[in-house]
Amino acid sequence: MLAKMFGGGAGGFDPQEIAKAAGLPSDPAAMAMMMQQVQAMFSAPSEGPVNWQMAHDQARRVAASDNDPSVTSLQRRSVDESLKLAELWLDPVTEFPSTGQLGRAWSRAEWVEATMATWRRLTEPVATSIAKALSDAITGQLPDEMKSMMGMMGGPASMLQNVGGAMFGMQLGQAVGALSKDVVGSTDIGVPLADGRMALLPANVAAFGAGLDIPEQEVQLFLAVREAAHVRLFTHIPWLTGHLLGSIERYARGIHIDMGKIEEAARDIDPTNPESLQGALSQGVFMPEKTPEQDAALVRLETTLALVEGWVDEMTAAAAANLPSAGALREMLRRRRATGGPAEHAFASLVGLELRPRRLRDAAALWSLLTEERGIEGRDALWQHPDLLPTAEDLDDPAGFAGRRRLLDSSDADVDAALQRLLAGGFEDGDAAPSTGPDGSAPDSSAPDSTSDDGSDGQPDGESGGESDGGEQGDSRS
């Protein structure tokens, strides 16, 4: 591709046609400014794998492309009141208390500003992989004279890293900007993008309810309950946010780039035909390639996402039961989250990861069953540690969760009992059981090892202090 651009054999290319294909302005002054930025990008030292300023600017530009009105004071008050009412409705259906936050009403641009730091954290590992792959592949194919020319600009690796960072930044900004037109809150994709802040986007809420025979205030209340439920869960379960974001980061670090696909696309791109460049980018040329290990990690991540969305779905249904259209809105949200919209698909093609809870219905059914079996307190207690959460097997068979958990608890209890016995001196010299006399009686209570550290009466384990004290005696001896 570069040979065609600089070799002169293809007749050169028209920068304005390239700009037109990329959706950039054709105004000469704007083009001159853009070319200055490109020149600076080629020569400036790279600060990382992504041009984050370009990503930010592109996201803001896309968010504002279809009119992004500022939030009015009336909308802010309405959103705040809806979220406060949502908090009251959630109090009886979950053990997690209200966060006490003020409800925020954001424009699309404000959503971009509030979430960009999280997008950076999620996508940087992928960007690093892509930038390195591009630099290694293209540098190896450059002719010597072109390497010399690029050497005057800081070296081919530095230049190509900047180019790759700019390309990824533009794509990321495009995806985030498109998402800003779809999301209705700060947790709409199941991940806390705004550091636990609770917010709704009035313009998108209105668009979501457009065409429905449901009052707009009722739609906003239902969405407010979902937003408040998400924020409660992520606020009161501190490990959950780090677990989700960490899982996505680990998944991203293991992604590999299909360089053969990139090289094939680069050979086929005709710089004189802007549509060929646009077509190559739209076909996911830089889409990461997943490995079997990544597929296994994806199953674990999707299970956690499904559990989060399933719990929120159940809490919302219980809290908003008095809304006449709650059932219809619940089904709409389920389908929306399970299938994803165009913006989510664009993000998936960018980083190779779909943040969609495919098993939302299974997870919701499991949480409903656990509410019946364990009550609200017992159900919510499962969030206290990741090892307590249901697994993909439990989503396959929600009715068998209680039985499997009893077996696991029983096994854990046996291990704990054996450990307490060991610490209490019940096992001697590696024997499988306490030594006994010829007649099967217990060991001599006068033996030094059979007395406790606190000078108790020297009875054998299990005969002193009653059965309920056995664990405490073991702790004392340890």
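The structure we're discussing is the one just above.
The rules behind the values
Residues numbered from 1 in each chain as written. Predicted model: local features only at pLDDT ≥ 70, side-chain atom pairs only at ≥ 80, totals over all residues. Heavy atoms only, no water. Phe/Tyr/Trp six-rings, centres within 6.5 Å; stacked < 30°, edge-to-face > 60°. Helix = DSSP H or I, 4+ residues; strand = E, 2+ residues; numbered from the N terminus. Buried < 20%, exposed > 50% of the residue type's maximum accessible area, 1.4 Å probe, protein only. Axes fitted to C-alpha atoms, helices over the stretch in contact; angles between N-to-C directions. Parallel < 35°, antiparallel > 145°, perpendicular 65-115°, else oblique. Left-handed = near helix turned anticlockwise from the far one by under 90°. Contact = heavy atoms within 4.5 Å. Core = buried A, V, L, I, M, F, W, Y, C linked by side-chain atoms within 4.5 Å. Salt bridge = Lys/Arg side-chain N within 4 Å of Asp/Glu carboxyl O.

Asker: Hey, could you run me through the packing of aromatic side chains in this one?
Answerer: The description of an aromatic ring pair rests on the distance of the ring centres and on the angle between the ring planes. Taken as a whole and judged by the stated rule, the model has four aromatic pairs. Ring geometry for phenylalanine 96 versus tryptophan 311: centroids 5.7 Å apart, planes at 50°, classification tilted. Here phenylalanine 96 is found in the loop between α5 (73–90) and β1 (104–105), whereas its partner tryptophan 311 is found in helix α14 (residues 292–319), with 215 residues between them in sequence. Residue class for phenylalanine 96 comes out buried when judged on its relative accessible area of 6%. With relative accessibility at 1%, the residue tryptophan 311 sits in the buried group. The rings of Phe96, Trp311, Trp367 and Trp383 are connected pair by pair, giving a single aromatic cluster.

Asker: I would appreciate a short explanation of the packing of α14 against helix α17 (residues 360–381) in the present structure.
Answerer: Any two packed helices are characterised by the angle at which their axes cross and by the distance between the axes. Contact pair α14 / α17: the axes reach a minimum separation of 8 Å and the direction vectors enclose 65°. As judged from the angle between their axes, α14 and α17 are roughly perpendicular. Where α14 crosses over α17, the handedness of that crossing is right-handed. Residue-level inspection shows Ala306, Leu307, Glu309, Gly310, Trp311, Asp313, Glu314 and Met315 of α14 in contact with α17, the latter providing Leu360, Ala363, Ala364, Leu366, Trp367, Ser368, Arg379 and Asp380.

Asker: Help me understand the nonpolar core in this model?
Answerer: One recurring pattern in soluble globular proteins is that nonpolar side chains are buried together. Grouped together as the largest cluster of nonpolar side chains are 79 residues, with contacts concentrated most on Trp111, Trp119, Trp311 and Trp383. At 11 residues, the largest contribution of residues to this core is made by helix α10 (residues 216–236). Excluding residues that lie within four positions of it along the chain, tryptophan 383 makes contacts with Phe96, Leu233, Ile237, Trp239, Leu240, Leu307, Val308, Trp311, Trp367 and Leu389.

Asker: What's the story with the pattern of salt bridges in this structure? I'm lost.
Answerer: Think of it this way: side chains of opposite charge can pair up when their charged atoms draw near. Under the counting rule described, the total for this entry stands at 16 salt bridges. Of the charged contacts, one joins glutamate 87 and arginine 232 as a salt bridge, the two residues approaching to 2.8 Å between their closest N and O atoms. Here arginine 232 lies in helix α10 and glutamate 87 lies in helix α5, a separation of 145 residues in the sequence. Take glutamate 87 and arginine 232: they sit in the same class, and that class is buried. In this structure, the salt-bridge partner of arginine 330 is glutamate 314, at a minimum N-O distance of 2.7 Å.

Asker: Is there a simple way to explain unusual backbone geometry in this structure?
Answerer: Peptide bonds are trans in most cases, and residues, glycine excluded, mostly fall at negative phi. Even without being glycine, asparagine 67 reaches a positive phi, approximately 70°. Topologically, asparagine 67 is positioned in the loop between α4 (52–63) and α5. In this structure asparagine 67 comes out as exposed when scored by relative accessible area, which is 54%. Look at aspartate 195: it is not a glycine, yet its phi comes out positive at around 55°. Residue placement: aspartate 195 occurs in the loop between α8 (156–179) and β2 (199–200).

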